[in-house]
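For reference, the chains in residue letters:
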Amino acid sequence: MPWTKGSGRSATVAAALAGVLLLAARPAHRPAPADLVLKNGAVYTVDAARRWAGAVAIRSGRIVYVGEEDGLGAFVGPRTRVVDLAGKMVLPGFHDSHVHLVEGGVGLGECYLTDGMGKEEILATVKKYAADHPGEPWVRGGGWPLPAFPGANPGRELLDATVPDRPVFLRSLYQGADRPDSRRGAFAPALSPGEHRANGRGDGLRQRLGRDLDEPAGGHPGGGHPA
Amino acid sequence: MLACYTMGGAYASFSEGKTGSIETGKAADLAVLDRNLFAVPKEEIAKARVLWTLLAGREVYRDPAFVRAEGKLHSPG
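Residues numbered from 1 in each chain as written. Chains lettered and ligands numbered in written order. Predicted model: local features only at pLDDT ≥ 70, side-chain atom pairs only at ≥ 80, totals over all residues.

Caption draft 1: The arrangement of the overall build of chain A in detail. Within chain A, the regular secondary structure consists of four helices and eleven strands. Here chain A, with 227 residues, has 32% of them falling under the buried criterion. Contacts spanning at least 24 positions in sequence make up 63% of the contacts within chain A whose residues lie at least 6 apart. (Helix = DSSP H or I, 4+ residues; strand = E, 2+ residues; numbered from the N terminus. Buried ≥ 20, exposed ≤ 12 C-beta atoms within 10 Å, placed from the backbone. Contact = placed C-beta atoms within 7 Å.)

Set out below in structure tokens:
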């Protein structure tokens, strides 16, 4: 390469090259403005390298700046929307990597029981649901916590007394993921008239051990297989 | 706990390179809470409210109270 032969020449080239590099480097110091800037926040990054920040800039759906407010600089342009959080906390969005979306939605439309409910609240909820849905041939639902009843079983008598005119089928809180024909399920839903003959014991429990113990299909908005 | 529900969830769904933490280059998946969970007594954590959520920079949820607050505080430029 010819310009490497004379030292004066190469110095000139080096200077020119440095100028070009400076010009090329300028855009890095003057980034395109962001679409949205959050400032004056308590930004908890969950990034070990920088646990806290005060400001975040977003462009085209991506984070382009995380740091202190005085570093925002050119990220704030004339069309940038700036939100002053006044000390509010910013977190990364939460991820639920294990969700039963369809079944959860179906459950909301049934007799909806949930964790933290005690025996009386469960029975009152079931009773009210039955009264509110006189046309449903089965009272179906679930979500009851096992510890709410002795032996994790509401029992046939209790359910019969709560809903005397129809069968009741209530999955426990831990049954959400099991299919009716699953052989893995060890938890028992509670049953009342018409179905407790299925286990031959008449105790209201129905172990999910095989296809012959499928959930009832009648009256279910999604057919026999929620989710 | 927070790491579990953010980076942990992202890792479990093979997306820790794209989301799960607030880092340059990642998707703008953010939640704004009404209080700093590290600055309040632990009994108060359960009372925290989500004011605003963004998925890839787009608003998914906004608390009505935050609409008012943000309207006042909004200052372009």
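Caption draft 2: Structural context of the sheet that holds strand 4 (residues 55–59) of chain A. Residues and elements named next belong to chain A. Strand order in the open sheet formed by four strands is 5-4-1-6, and the pairing between neighbours is mixed. Two strands in the sheet have a free side with no partner beyond their single neighbour: strand 5 (62–67) and strand 6 (81–84). For this sheet, the mean angle separating the axes of adjacent strands, direction not counted, is 15°. (Pairing = 2+ DSSP bridges. Axes fitted to C-alpha atoms, helices over the stretch in contact; angles between N-to-C directions.)

Caption draft 3: Unusual backbone geometry, seen in detail. Residues and elements named next belong to chain B. Residues other than glycine seldom take positive phi values, yet phenylalanine 14 does so here, at roughly 60°. The residue phenylalanine 14 is located in the loop between helix 1 (2–12) and strand 1 (30–33) in this model. The phi dihedral of alanine 56 falls on the positive side, at around 50°, and the residue is not glycine. Among the structural elements, alanine 56 can be located in the loop between strand 2 (50–55) and strand 3 (58–62).

Caption draft 4: View of the confidence of the model for chain A. All names here are of chain A. When pLDDT is averaged across chain A, the result is 74; 64% of the residues are at 70 or more. In the predicted structure, residues 1–8 sits below a pLDDT of 50 and forms four contacts with residues beyond four places in sequence or in another chain. In the model, residues 192–202 has pLDDT below 50 throughout and makes 24 contacts with residues more than four positions away in sequence or in other chains. (pLDDT = per-residue confidence, 0-100.)

Caption draft 5: Representation of the nonpolar core within the structure. Val37(A), Leu38(A), Val56(A), Ala57(A) and Val90(A) are the most contacted members of the largest nonpolar core, which totals 33 residues. Only strand 1 (36–39), strand 2 (42–44), strand 4, strand 5, strand 6 and strand 7 (89–92) of chain A together with strand 1 and strand 2 of chain B provide two or more residues apiece to this core. Broken down by element, this core gets its largest block of residues, four residues, from strand 4 of chain A. Every residue in contact with Val37(A), bar those within four places of it in the chain, is listed here: Ala55(A), Ala57(A), Leu72(A), Phe75(A), Val76(A), Thr80(A) and Val82(A). Listed in part, the 14 residues of the second largest apolar core include Leu123(A), Ala148(A), Val163(A) and Phe169(A). (Core = buried A, V, L, I, M, F, W, Y, C linked by C-beta atoms within 7 Å.)

Caption draft 6: Highlighting the sheet that holds strand 2 of chain A. Strand order across the open sheet formed by six strands is 3(A)-2(A)-7(A)-1(B)-2(B)-3(B), with mixed pairing between neighbours. Strands with a single pairing partner mark the edges of an open sheet, and in this sheet they are strand 3 (52–53) of chain A together with strand 3 of chain B. The pairing of strand 2 of chain A with strand 7 of chain A spans two bridges and is parallel. Bridge pairing in strand 7 of chain A links Val43(A) to Val90(A).

Caption draft 7: Main features of the interface of chain B and chain A. Counting residues at the interface gives 39 residues for chain B, matched by 36 residues for chain A. Broken down by secondary-structure element, the contributors of at least two residues to the side of chain B that touches chain A are helix 1, strand 1, strand 2 and helix 2 (64–73) of chain B. Looking at the side of chain B that touches chain A element by element, the count peaks at eight residues for helix 1 of chain B. In terms of residue class, the side of chain B that touches chain A is made up of 19 nonpolar, 14 polar and six charged. Bridge count for strand 7 of chain A against strand 1 of chain B is four bridges, and the pairing is antiparallel. (Nonpolar A, V, L, I, M, F, W, Y, C, P; charged D, E, K, R; others polar.)

Caption draft 8: Spatial organisation of helix 1 of chain B. All of the buried residues in helix 1 of chain B are Thr6(B), Met7(B), Gly9(B) and Ala10(B). With its buried residues spanning 155° around the axis, helix 1 of chain B presents them on a single face. Summarising the contacts, the buried residues of helix 1 of chain B are in contact with strand 7 of chain A. Looking one or two residues past helix 1 of chain B, Phe14(B) carries a phi angle of roughly 60°, positive in sign. (Arc of directions from axis to C-beta.)

Caption draft 9: Region of the structure containing the confidence of the model for chain B. Residues and elements named next belong to chain B. With 86% of its residues at a pLDDT of at least 70, chain B reaches an overall mean of 88. Mean pLDDT across the secondary structure elements of chain B bottoms out at helix 2, with 60, and peaks at strand 1, with 97. Per-residue pLDDT stays below 50 along residues 71–77; that stretch engages in eleven contacts with residues further than four places along the chain or on separate chains. ipTM for the predicted complex: 0.89, alongside a pTM of 0.59.

Caption draft 10: Inspection of the pairing of strand 4 of chain A at higher detail. Residue and element names in this part refer to chain A. The buried fraction of strand 4 is high, at four of five residues. Bridge analysis of strand 4 against strand 5 gives five bridges, and the strand direction is antiparallel. If you follow alanine 55 over to strand 5, its bridge partner there is glycine 67. If you look at the hairpin formed by strand 4 and strand 5, you'll find two residues sitting between the two strands, and serine 60 has a positive phi there, around 50°.

Caption draft 11: Just the environment of Pro33(A), in detail. Residue and element names in this part refer to chain A. Along the polypeptide, proline 33 turns up in the loop between helix 1 (7–29) and strand 1. For proline 33 and alanine 74, which are 41 residues apart along the polypeptide, the C-alpha to C-alpha distance reads 5.9 Å. Residues within four places of proline 33 in sequence aside, it is in contact with Ala74, Phe75, Val76, Gly77, Arg79 and Thr80.

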